[in-house]
Amino acid sequence: MSSQTPIQREIPYAAQQSRRGSITGVQVVGVGSWVPENRVCNEDLAALGCDTEWIVKRTGVLERRHAPPGIATSDMAVEASRQCIARAGVDPADIDLILLGTYTPDYTMPAAAALVQDELGLCAPAMDIQAACTSFMYALITGMQYVATGCAKSPLVIGADCNSRVCNPADVKTFPIFGDGAGAMLLAPGQADQGLVAFSYGTDGSGRDLLYRMGGTYRSPGLAETLNGYPYLFMEGRPVFKWAIRMLRQTVHDVLEAAGVTLSDISLVVFHQANIRIIHAAADDIGIPRQKLYNNLDRYGNTSSASIPLCLDEAEREGRLHRGDLVLLSGFGGGLSWATGVLRW
C-alpha cells in the first residue's frame, strides 16, 4: 500500500457481507462527552496551505478541537466517562466492564481501556475495540451483548480518538477534516423493547487500501520521522465517499425493515460525522428529512470513534432525545467497516 499511487477502483457495498441481529432488554442509563479546549479554526490552518473556502464547501467543518501535548486518547476517554457516570447517577463500583472503541490508543500495548480503568479506579475488565471510525458502534453492539447474555450488568462503552496526532499536516485535504474528542455511554438491563431493535454490521477488507494507517503510537516522540511518515492516516476520499452513501442506503433500509418501523417513527438520526456532504447526500438519497439529522461536524470535525456518542450526549442535553425515542445510528470507516442500528432510547 502506498499513498503515492492513486486508487482507481471503487469498492462496491457488499450487502451479503452484513450480519443482522437484534439485542433488546438493554437500556442506556447515561451519556457523557469531552473535547479539548483548544479550538482550531479554518483560518488557523491557512499557514499549512489549507484553503478555508474549500474546507467549508467540501467538508462542512468550521473548526475542530486539538488535544494539547500530554493529553492522549485515554485522558479524553476518562473525562467523558466521568461525565457519563455522574449523569447516570450510578455507583462506579457497579461498573463491571469497560469497552473503548478507538483506532488511536496511547500505546500498542496495554489497551487504552486499561489506562481508563486505572484512572477511574474501577474494578472491571477493560479492552479496546478497533474498527476505525466504526469502533464505537462495534463496542456498543458488544456491550449490549454482554448485558443481554447476563455476562455484565453495567458496562461502560466509550468512543475516543486523538486524530490530530495521526493526521499529516502536509495533507491539506485530509488534515482539516479531523478533530479530537471522546464520548461515553453506560448500559444496564432494561425493558424488553429497549436496546438495539435491529442492527446490521459488517466488514469488507478488500477496501483496506482506501483508508488506513500503517503504524505508530502518539506517545512515541519522533516516530513519524523514523518511519518516513507511515504512522499518518491515509484516505482516498472519492471512492470512500461513494461507498459510504451506497452502504448507508442499503443498511438503513435493512434495519428499518427488520425493526418493523419507517422513517416517520425515527425521532433522531445520527450518522458518523465523516463529512457533511456524505451525511446530506445519504439523507437525501434515503429520504431522511434534514431536521431529523443531528450534526456537530461544523464545530468538532470528524472525531472518528467519538462522533456518535458525542452527538448523542449533546442531543440529549439539548432536549432532542427522550426516553422511548427511536434513534437511527450508523458508523462507518476503515476496514472498510460499518454498523447501522435502530436504538430505542
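Residues numbered from 1 in each chain as written. Predicted model: local features only at pLDDT ≥ 70, side-chain atom pairs only at ≥ 80, totals over all residues. Heavy atoms only, no water.

### Topic: the overall build of the chain
Phase 1: Each helix and strand counted, the chain has nine helices and 14 strands in total.
Phase 2: By the compact-globule yardstick of 20 Å for 345 residues, the chain fits well, its C-alpha radius of gyration being 19 Å.
Phase 3: Summarising its shape, the C-alpha atoms of the chain cover approximately 50 × 45 × 35 Å along the three principal directions.
Phase 4: Across the 345 residues that make up the chain, the buried fraction comes to 56%.
Phase 5: The contacts in the chain between residues at least 6 apart in sequence include a share of 79% that link residues at least 24 apart.
Phase 6: Counting 28 positive and 35 negative side-chain charges, the chain places the centres of these two groups 6 Å from one another. (Helix = DSSP H or I, 4+ residues; strand = E, 2+ residues; numbered from the N terminus. Rg over C-alpha atoms; globule rule 2.2 N^0.38 Å. Buried < 20%, exposed > 50% of the residue type's maximum accessible area, 1.4 Å probe, protein only. Contact = heavy atoms within 4.5 Å. Lys, Arg positive; Asp, Glu negative; His and termini not counted. Charge placed at Lys NZ, Arg CZ, Asp CG, Glu CD.)

### Thoughts on the nonpolar core
Phase 1: Ranked by internal contacts, the top residues of the largest apolar core, which has 35 residues, are Leu140, Met185, Leu187, Val270, Leu312, Leu329 and Trp345.
Phase 2: If you look at the next biggest cluster of nonpolar residues, it comprises 31 residues, including Leu210, Ala244, Phe271 and Val342. (Core = buried A, V, L, I, M, F, W, Y, C linked by side-chain atoms within 4.5 Å.)

### What about the packing of aromatic side chains?
Think of a pair of aromatic rings as described by two things: how far the centres are apart, and how the planes are tilted against each other in angle.
Phase 1: Throughout the structure, instances matching the rule amount to three aromatic pairs.
Phase 2: Judged by centre distance (5.3 Å) and plane angle (80°), the ring pair of Phe199 and Tyr201 falls under edge-to-face.
Phase 3: Taking the relative accessible area as the measure of exposure, Phe199 reaches 7% and is therefore buried.
Phase 4: On the basis of relative accessible area, Tyr201 is assigned to the partly exposed category, the value being 24%.
Phase 5: Among the aromatic residues, those joined into a cluster by ring pairs are Tyr138, Phe199 and Tyr201. (Phe/Tyr/Trp six-rings, centres within 6.5 Å; stacked < 30°, edge-to-face > 60°.)

### Considering helix α3 (residues 112-120)
Phase 1: Listing the buried residues of α3 in full gives Ala112, Ala113, Val116 and Leu120. Each buried residue of α3 lies within a common arc of 100° when the element is viewed along its axis, so the set occupies one face.
Phase 2: Phi turns positive one or two residues past the end of α3, at Gly121, with a value near 70°. (Arc of directions from axis to C-beta.)

### Some remarks on the environment of Ala182
Phase 1: Position of Ala182 among the secondary structure elements: in strand β8 (residues 180-189).
Phase 2: Note: C-alpha distance between Ala182 and Ser264 (82 residues apart in sequence) is 30 Å.

### Side note on the confidence of the model for the chain
Phase 1: Taken residue by residue, the chain gives an average pLDDT of 89. The fraction at 70 or more is 90%.
Phase 2: For the stretch residues 1-8, pLDDT sits under 50, and the model shows 11 contacts to residues farther than four places along the chain or on other chains.
Phase 3: Scored below 50 in pLDDT, residues 220-224 shows six contacts in the model against residues more than four places distant or in partner chains. (pLDDT = per-residue confidence, 0-100.)

### Some thoughts on the packing of helix α2 (residues 73-88) against α3
Phase 1: For the pair α2 and α3, the least separation of the axes is 9 Å and the interaxial angle reads 50°. It follows from the interaxial angle that α2 and α3 lie oblique. When you trace α2 past α3, the crossing you get is right-handed. Contact with α2, carried on its side by Ser74, Ala77, Val78, Ser81, Arg82 and Ile85, involves Ala112, Leu115, Val116, Glu119 and Leu120 of α3 and no other residues of that element.
Phase 2: Residue classes in the contact of α2 with α3 are distributed as seven nonpolar, two polar and two charged. (Axes fitted to C-alpha atoms, helices over the stretch in contact; angles between N-to-C directions. Parallel < 35°, antiparallel > 145°, perpendicular 65-115°, else oblique. Left-handed = near helix turned anticlockwise from the far one by under 90°. Nonpolar A, V, L, I, M, F, W, Y, C, P; charged D, E, K, R; others polar.)

### Things to note about the sheet that holds strand β5 (residues 97-101)
Phase 1: Strands sit in the order β2-β8-β7-β5-β6 across an open sheet of five strands; the sheet is mixed. One side of each edge strand has no neighbouring strand; the edge strands of this open sheet are β2 (26-34) and β6 (126-129). Here the strands of the sheet are splayed against their neighbours by 20° on average, with no regard to which way each runs.
Phase 2: Pairing of strand β7 (residues 155-162) with β8, which is carried by seven bridges, proceeds in the antiparallel orientation. Pairing of Leu156 across the sheet is with Leu186, part of β8.
Phase 3: Along the sheet, helix α9 (residues 307-317) makes contact with β2, β7 and β8, crossing β2 at roughly 95°. (Pairing = 2+ DSSP bridges.)

### Focus: the pattern of salt bridges
Phase 1: All chains considered together, the criterion is met by 11 salt bridges.
Phase 2: Here Glu314 ties to Arg299 by a salt bridge, and the two come within 2.9 Å at their closest N and O atoms. Placement of the pair is Glu314 in helix α9 and Arg299 in helix α8 (residues 297-300), with a sequence separation of 15 residues.
Phase 3: Note on Glu314: relative accessible area 6%, which makes it buried.
Phase 4: On the basis of relative accessibility, which here comes to 29%, the residue Arg299 falls in the partly exposed class.
Phase 5: We note a salt bridge from Asp313 to Arg317, for which the minimum N-O separation is 3.1 Å. Taken together, the residues Asp313 and Arg317, both in helix α9 and four residues apart, mark about one turn of the helix.
Phase 6: Sharing partners across several salt bridges, the network here consists of Arg87, Asp313, Glu316 and Arg317. (Salt bridge = Lys/Arg side-chain N within 4 Å of Asp/Glu carboxyl O.)

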